[in-house]
Amino acid sequence: MVSANDVQRLFLQGVFSRSILSFKHAQVLWEKCIDAVKGTYTAFTSFRQCRRSAAANPALNVRFSDKREDWDLFVISINNSLNCLDLEFRHLTDEQTGREMYAMVNSKDDEIAQMATDYTPVEIAYFKAIVEQIMLAPHEAYSVSSLLALREVNSLKTNMTKAQAEIVLGSFVAKGWLLKSRRGRYSLSTRTLLELLPYLKSSYPEECLECVICYDIVTRGVACSTPNCKARLHYHCCRKYRSRNAKCPACSQDWPQDPKNMTPVGEEAIKDGQDEGRRIRRRGTEDPSDEEDEEEMEVESSQPSQTQTQSQRKSKGRGKGKGKGKQKKAPVDMDVDEDEDEEDEEEAPQQTQGNGRRRTTRTR
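Residues numbered from 1 in each chain as written. Predicted model: local features only at pLDDT ≥ 70, side-chain atom pairs only at ≥ 80, totals over all residues. Heavy atoms only, no water.

1. A few points about the overall build of the protein
Part 1: Of the regular secondary structure elements, the protein holds twelve helices and eleven strands.
Part 2: Counting over 364 residues, the protein shows a buried share of 35%.
Part 3: Partitioning the intrachain contacts of the protein with sequence separation of at least 6 by distance along the chain shows that 58% fall at a separation of at least 24.
Part 4: Summed over its atoms, the accessible surface of the protein is roughly 23500 Å², and 49% of this surface lies on carbon and sulfur atoms. (Helix = DSSP H or I, 4+ residues; strand = E, 2+ residues; numbered from the N terminus. Buried < 20%, exposed > 50% of the residue type's maximum accessible area, 1.4 Å probe, protein only. Contact = heavy atoms within 4.5 Å. Areas by Shrake-Rupley, 256 points an atom, 1.4 Å probe, with all protein chains shown as cover.)

2. Digging into the side chain of Gln27
Part 1: Mapped onto the elements of the fold, Gln27 is located in helix 2 (residues 23-38).
Part 2: If sequence neighbours within four positions are ignored, Gln27 has contacts with Phe64, Ser65, Asp66 and Trp71.

3. Observations regarding the sheet that holds strand 2 (residues 87-93)
Part 1: Strand order across the open sheet formed by three strands is 1-3-2, with antiparallel pairing between neighbours. Looking at which strands have only one partner, the edges of the open sheet turn out to be strand 1 (21-22) and strand 2.
Part 2: Judged from the seven bridges that link them, strand 2 and strand 3 (residues 100-106) form a sheet pairing that is antiparallel. Across the sheet, residue Thr93 finds its bridge partner in strand 3, namely Glu100.
Part 3: In the packing of helix 4 (residues 68-82) onto the sheet, contacts are made with strand 2 and strand 3, and the angle to strand 2 comes to roughly 145°. (Pairing = 2+ DSSP bridges. Axes fitted to C-alpha atoms, helices over the stretch in contact; angles between N-to-C directions.)

4. A word on the packing of aromatic side chains
Part 1: Evaluation of the coordinates by the stated rule reveals 16 aromatic pairs.
Part 2: For the pair Tyr199 and Tyr204, a centre-to-centre distance of 6.4 Å together with 85° between the ring planes defines the contact as edge-to-face.
Part 3: One aromatic cluster in this structure is built from Phe11, Phe23, Trp30, Phe64, Trp71, Phe74, Phe89 and Tyr102. (Phe/Tyr/Trp six-rings, centres within 6.5 Å; stacked < 30°, edge-to-face > 60°.)

5. A few points about the sheet that holds strand 10 (residues 232-233)
Part 1: Pairing in this open sheet of three strands is antiparallel, and the strands run 10-9-11 from one edge to the other. Only two strands of the sheet have a single partner each, and these edge strands are strand 10 and strand 11 (263-265).
Part 2: Bridging between strand 9 (residues 221-223) and strand 11 involves three bridges; their strand directions are antiparallel. Its bridge partner lying in strand 11, Ala223 is registered against Thr263.

6. Observations regarding the environment of Thr263
Part 1: With respect to the helices, strands and loops of the structure, Thr263 is situated in strand 11.
Part 2: Once residues lying within four places of it in the same chain are set aside, the contact partners of Thr263 are Val222, Ala223, Cys224 and Ser225.

7. Some thoughts on helix 4
Part 1: An ideal rise of 1.5 Å per residue puts 21 Å on 15 residues; helix 4 measures up with 21 Å between its terminal C-alpha atoms.
Part 2: Burial in helix 4 covers these residues: Trp71, Phe74, Val75, Ile78, Asn79 and Leu82. Down the axis of helix 4, the buried side of the element spans an arc of 135°, and every buried residue falls inside it. Exposed residues pointing more than 90 degrees away from the buried face of helix 4 are listed as Glu69, Leu73 and Asn80.
Part 3: The elements touched by buried residues of helix 4 are helix 1 (5-16), helix 2, strand 2 and strand 3. (Expected span 1.5 Å × (residues − 1). Arc of directions from axis to C-beta.)

8. Comments concerning the pairing of strand 3
Part 1: Counting buried positions along strand 3 gives six out of seven residues, so the element sits mostly inside the fold.
Part 2: Pairing analysis gives two bridges linking strand 1 to strand 3, with the strands arranged antiparallel. Its bridge partner being in strand 3, Leu21 is matched across the sheet by Tyr102.

9. Digging into unusual backbone geometry
Part 1: A positive phi angle is found at Glu140, which is not glycine, with a value near 55°.
Part 2: The residue Glu140 is located in the loop between helix 6 (121-135) and strand 4 (144-145) in this model.
Part 3: For Tyr215, which is not glycine, the phi torsion reads 65° and is therefore positive.

10. Let's talk about the packing of helix 2 against helix 4
The geometry of a pair of packed helices is captured by two quantities: the angle between their axes and the separation between those axes.
Part 1: Interhelical geometry of helix 2 versus helix 4 gives an angle of 75° and a closest axis separation of 12 Å. Viewed along their axes, helix 2 and helix 4 adopt a mutual orientation that is roughly perpendicular. Here Phe23, Ala26, Gln27 and Trp30 of helix 2 come into contact with helix 4, specifically with Arg68, Asp70, Trp71 and Phe74.
Part 2: Across the contact of helix 2 with helix 4, the residue classes break down as five nonpolar, one polar and two charged. (Parallel < 35°, antiparallel > 145°, perpendicular 65-115°, else oblique. Nonpolar A, V, L, I, M, F, W, Y, C, P; charged D, E, K, R; others polar.)

11. Observations concerning the pattern of salt bridges
Part 1: The full count for this structure, using the stated rule, is eight salt bridges.
Part 2: The salt bridge involving Arg68 is made with Asp72; its shortest N-O contact spans 3.2 Å. In this pair, Arg68 and Asp72 are both assigned in helix 4, four residues apart and thus about one turn of the helix distant.
Part 3: With a closest N to O distance of 3.0 Å, Glu140 and Arg232 form a salt bridge. Placement of the pair is Glu140 in the loop between helix 6 and strand 4 and Arg232 in strand 10, with a sequence separation of 92 residues.
Part 4: A single network of salt bridges, built from pairs that share partners, joins Arg68, Asp72 and Glu100. (Salt bridge = Lys/Arg side-chain N within 4 Å of Asp/Glu carboxyl O.)

In structure tokens:
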């Protein structure tokens, strides 16, 4: 016999089969699950419809409501059932469209949760490296070019090639973990923000900006053009706010009439070629071994310069030696006292240390 819990089971099956869904889509799914349990859903084939009608219970006290309060209660009941599995049916507003999006995410980040994925540990490490470069992007761009994303493979201690990395990047985009713009820049998707929001706030607290209207994280939007003002808004939040107020909610300064004149946050905040260099990893998130590797790279990069300076000194020494050889053609007084020879021998080591070359002494 069916019960009210079967509505949740059917709903969760529909959610797990989709990576992310909008609020309207989730409400439609909820309504269809109730109809299926009560036997009023007729969108099945004839065979399945007969089986569903035999197992359905029309007298079940379950009803659909389009009120926000009833939907919130339904989500709370689902999350209470998922607490033991460390899962959560979480929602976040899409930064581009302004629609409320829902997804099933892991509420616990451990080794078991990391194993429940289609990607290998190397691919996960590569994804985290891309996320770090996106969060550390200059000018609050929160995006990375395709060239810099492929170069990030060199920072990994793996044998992944750039051709393999390009395939993995395409998989990240296809499965909704990253977004790729027409300019070829990668940024965080709504699904990634939903899944990694606690990780981002703990690893990059200074880079995580909040909207002054909805208090959600901002990676695409606008910033107040007033110097030292920390107001950041989503595009949809800015449109709603400007419809009733033309001043900044933080500094109370007048905003320009055209929103395009405001300082952008996201991909539009950076021009092509401004992020060619790789951002330095944060000390709080990197391993000590990584610091040692960076120090070794710095030492190796400084060695060629020392070698060049030594070679230059040697070349100078040879040039001076040739000049002295020409002076030796002049007649030399061979009657030299022994005291003068001893003084020359004492001065020779000192000149060897100062000039980097040895001076020959005269012998009788």
